[in-house]
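Close look at the chain arrangement
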Amino acid sequence: MLLPAAALAADGLDTGDTAWVIVATALVMMMTPAGLALFYGGMSRYKNLLNTLAMTFVAYCLGSIIWVIWGYTLAFGPDVGGMIGNLNNLFLNGIGVNDLTGTIPTYVFIVFQMTFAGITVALVLGSVVDRMKFSSWLVFTILWLTLVYCPVAHWVWGGGWMADMGALDFAGGNVVHINAGISGLVLALVLGKRLGYGKEAMFPSSITLTALGAALLWFGWFGFNAGSALAANGIAASAFLVTNTSAAVGALTWMVVEWKVNDRPTVLGIASGIVAGLVAITPAAGFVNMPAALVIGIVAGLIGFFSVSRLKMKFGYDDSLDAFGVHGICGIWGAVATGIFANPAITEGVSGLLYGNPRQVVVQLISIAATIAFAGVGTLVVIWITKLVTGGIRVDGDEEIQGLDSAIHGERAFEIGI
Amino acid sequence: MKKIEAIIKPFKLDDVRQALSDIGVQGMTITEVKGYGRQKGHKEIYRGAEYLVDFMPKIKLEIVVPTERVDDVIAAVRNAANTGKIGDGKIFVIPLEGVIRVRTGEKGNDAI
């Protein structure tokens, strides 16, 4: 995000910027209940497909409400000690229809940021499908957004300490992907592995849905990255360009590596490579040029592939849909890459290692470490409270075997013979 | 009377149906089943999780025939379903106690 300066009377509303960011907001909104829901749903086992969709949908719905009541003010309200925003804008109090953030209405900025909050918490569920109590997920979502998402968003984009330190995160490497990836891993470790993990076959319900989800995510990601310019300008255009480049080359890289290692280019691999490339370019989108995006995407495809197929096996954790493997790991790479490739020719005043500013890499590493630490500890606290409130966060063994679509929702994903 | 159960490769169903029709066997019931014998399965890998899929899709045909026709039917099925490769299937002959037509109540060979 290019932090909008306080609205100056001289700036005024720019209709081009406003129109673009409104559209970008709608694109990002779609990424959660359509893109992510299908992407994750298709990878879930058939008996839990609807549960995955349900968790994704409610994450976005809860995010929508929490944000406009207390989330926005905590993340973007007047700064308190570089740590959090105050409650001046509780219920969006004090913000009017004509107020501006930069050259766009503040209301647009609020909704745009809201879609980021929604998708970030939804990403976390990718680590824990098939075994979490639905009531616990609802409580977890509310607490996690409040206690983990809002502070980190404030630190990076709301005028907090990471911004002051000069950490670069154009559209959410720290705030979204590293945050969600680490939190997902912690939640997965506390919940424990699925029954039969490592022994039973756990087939994805539909690679078709996953592929469709990946395509919707790619489409929406243009709003995510190019929209984060908060303007209809050259930086937005550059972010748009590098986003597509990284996604495409990430997909091809994953496909080629998988073909060499496993003898087969899978559609799941292509879809995963797309997302890996998109995740990695997210923090760098408005700061790097196209050749850098090629490198970022290729490396994302490589490390994404090895982290989901080797790292997980090696350490034995059940990060079911690889929220940590793809979003966490590729997000970390993207944040580091931003420190390497940030180019003053793209965004003035911003430069990384390759442009004479090696300190940027250090700053990035500090911000990454702080996000990891905070997300980890914060998630543990959230889990602890959630356990108290909902009496344990994991479903019964019987329900897990029966399948959550039936046990929790009383529904079937498709009316077919299964 | 005998019941003939044949496990065949799915793509052979039309050939078998035609061959049986040619010798005057008009009715059958089929089920989609999975199974394996000597045919090896295949490997599927989803994001690093490797699964050996042993069970191959097959079609199970069930036909009821008068005892004197059993050999003709077996020959027709075998010829139509045979590809020469492992996994072609098996034919089982099972003694049958009785057959009744639902519509008319006819029994025995009249009901076939």
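It should be emphasised that the depicted structure is a prediction, and the values quoted were computed from it without experimental measurement.

Within chain A, the regular secondary structure consists of 14 helices and 4 strands. The C-alpha radius of gyration computed for chain A amounts to 20 Å, which stays within 12% of the reference 22 Å derived for 418 residues, consistent with globular compactness. Projected onto the principal axes, the alpha-carbon positions of chain A cover approximately 65 × 50 × 35 Å. When burial is assessed residue by residue, chain A has 59% of its 418 residues classed as buried. Restricting to contacts in chain A with at least 6 residues of sequence separation, those with at least 24 account for 78%.

Before going further, it helps to spend a moment on the overall build of chain B. Looking only at helices and strands, one finds 2 helices and 6 strands in chain B. Counting helices and strands in the order they occur from the N terminus, chain B gives β-α-β-β-β-β-α-β. Since a compact globule built from 112 residues should have a radius of gyration of about 13 Å, the 17 Å found for chain B marks it as more spread out than a globular shape. Overall, the C-alpha framework of chain B stretches about 60 × 30 × 20 Å when taken along its three principal axes. Evaluated residue by residue, chain B yields a buried proportion of 16% over its 112 residues. By sequence separation, contacts in chain B at least 24 residues apart represent 70% of the contacts at least 6 residues apart.

Turning our attention to the nonpolar core. Soluble globular proteins tend to bury their nonpolar side chains together. Counting residues in each nonpolar core, the largest one holds 144 residues, and the members touching the most others are Leu-217 and Trp-333 of chain A. Each residue touching Leu-217 of chain A, except ones within four places of it in the same chain, is listed here: Met-31, Gly-35, Leu-36, Phe-39, Val-275 and Leu-278 of chain A. Counting residues in hydrophobic clusters, the runner-up holds 13 residues, among them Ala-6, Ile-63, Val-73 and Ala-81 of chain B.

Further remarks concern the confidence of the model for chain A. Detail in the predicted coordinates should be disregarded across regions flagged by low pLDDT. With 97% of its residues at a pLDDT of 70 or more, chain A has an overall mean of 96. Low pLDDT (under 50) marks residues 5-10 of chain A, which in the prediction has 5 contacts with non-local residues, meaning those over four places away or in another chain.

This part is about the interface of chain B and chain A. One frequent convention defines the size of an interface as the accessible area lost when the parts assemble. Counting residues at the interface gives 6 residues for chain B and 12 residues for chain A. Here the side of chain B that touches chain A is composed, by residue class, of 4 nonpolar, 1 polar and 1 charged.

This part is about the sheet that holds strand 6 (residues 89-95) of chain B. All names here are of chain B. Strand order across the open sheet formed by 4 strands is 2-5-1-6, with antiparallel pairing between neighbours. Looking at which strands have only one partner, the edges of the open sheet turn out to be strand 2 (29-35) and strand 6. Direction aside, neighbouring strands of the sheet carry axes that sit 20 degrees apart on average. Judged from the 7 bridges that link them, strand 2 and strand 5 (residues 56-65) form a sheet pairing that is antiparallel. Within the sheet, the bridge partner assigned to Gly-35 lies in strand 5 and is Met-56.

The next thing to look at is helix 2 (residues 49-76) of chain A. Residues and elements named next belong to chain A. In this model helix 2 runs just 35 Å from its N-terminal to its C-terminal C-alpha over 28 residues, more than 12% under the 40 Å that 1.5 Å per residue would give. At Trp-67, helix 2 shows its strongest bend, of approximately 70 degrees. For helix 2, the buried fraction is high: 21 of the 28 residues fall into the buried class.

Moving on, we get to the environment of Val-257 of chain A. Residue and element names in this part refer to chain A. With respect to the helices, strands and loops of the structure, Val-257 is situated in helix 8 (residues 234-262). With 20 C-beta atoms packed within 10 Å, Val-257 lands in the buried category. Residues Val-257 and Phe-305, spaced 48 residues apart in sequence, show a C-alpha to C-alpha distance of 7.6 Å. If sequence neighbours within four positions are ignored, Val-257 has contacts with Gly-301, Leu-302 and Phe-305.

A word on the pairing of strand 1 (residues 2-8) of chain B. The two faces of a sheet get side chains in turn, since along a regular strand they alternate between them. Looking at chain direction, strand 1 of chain B and strand 5 of chain B are connected through 7 bridges and run antiparallel. Among the inter-strand pairings, Ala-6 of chain B is bridged to a residue of strand 5 of chain B, identified as Leu-61 of chain B.

What follows is about unusual backbone geometry. Residue and element names in this part refer to chain A. Its identity is not glycine, yet Leu-230 carries a phi of approximately 55 degrees, on the positive side. Tracing the backbone shows Leu-230 in the loop between helix 7 (207-226) and helix 8. Of note, the phi angle at Asp-322 is positive, near 65 degrees, even though the residue is not glycine. Position of Asp-322 relative to the elements: it lies in the loop between helix 10 (290-315) and helix 11 (323-341).

What follows covers helix 10 of chain A. Counted at 1.5 Å a residue, the expected span for helix 10 of chain A with its 26 residues is 38 Å, and the 35 Å between its end C-alpha atoms agrees. Ser-307 of chain A marks where helix 10 of chain A bends most, by close to 40 degrees.

Before going further, it helps to spend a moment on the packing of helix 1 (residues 13-22) of chain B against helix 2 (residues 70-81) of chain B. Residues and elements named next belong to chain B. Helix 2 packs onto helix 1 with a crossing angle of 150 degrees between their chain directions and a minimal axis gap of 8 Å. Every pair of crossing elements has a handedness; the one defined by helix 1 and helix 2 is right-handed. Of helix 2, the residues touching helix 1 (which contributes Asp-15, Val-16, Ala-19 and Leu-20) are Val-73, Ala-76, Val-77, Asn-79, Ala-80 and Ala-81. When grouped by side-chain class, the residues that make up the contact of helix 1 with helix 2 number 8 nonpolar, 1 polar and 1 charged.

For the rest of this paragraph, the subject is the environment of Leu-195 of chain A. Residues and elements named next belong to chain A. The topology assignment puts Leu-195 in the loop between helix 6 (173-191) and helix 7. For the pair Leu-195 and Gly-397, spaced 202 residues apart in sequence, the C-alpha to C-alpha distance is 7.6 Å. Setting aside anything within four residues of it in sequence, one finds Leu-195 in contact with Gly-397, Glu-400 and Ile-401.

Residues and elements named next belong to chain A. Packing of helix 9 (residues 267-281) against helix 10 brings their axes to within 8 Å, and their N-to-C directions diverge by 125 degrees. Considering the angle they form, helix 9 stands oblique to helix 10. Taken as a pair, helix 9 and helix 10 cross one another with a handedness that is right-handed. In this structure, helix 9 uses Ser-272, Gly-273, Ala-276, Gly-277, Val-279, Ala-280 and Ile-281 to contact helix 10, whose residues at the interface are Ala-293, Ile-296, Gly-297, Ala-300, Gly-301 and Gly-304. Split into classes, the residues belonging to the contact of helix 9 with helix 10 amount to 7 nonpolar, 6 polar and no charged.

Reading the values: the criteria
- Residues numbered from 1 in each chain as written.
- Chains lettered and ligands numbered in written order.
- Predicted model: local features only at pLDDT ≥ 70, side-chain atom pairs only at ≥ 80, totals over all residues.
- Helix = DSSP H or I, 4+ residues; strand = E, 2+ residues; numbered from the N terminus.
- Rg over C-alpha atoms; globule rule 2.2 N^0.38 Å.
- Buried ≥ 20, exposed ≤ 12 C-beta atoms within 10 Å, placed from the backbone.
- Contact = placed C-beta atoms within 7 Å.
- Core = buried A, V, L, I, M, F, W, Y, C linked by C-beta atoms within 7 Å.
- pLDDT = per-residue confidence, 0-100.
- Nonpolar A, V, L, I, M, F, W, Y, C, P; charged D, E, K, R; others polar.
- Pairing = 2+ DSSP bridges.
- Axes fitted to C-alpha atoms, helices over the stretch in contact; angles between N-to-C directions.
- Expected span 1.5 Å × (residues − 1).
- Bend = angle between axes of the 7 residues up to and from the residue.
- Left-handed = near helix turned anticlockwise from the far one by under 90°.
- Parallel < 35°, antiparallel > 145°, perpendicular 65-115°, else oblique.

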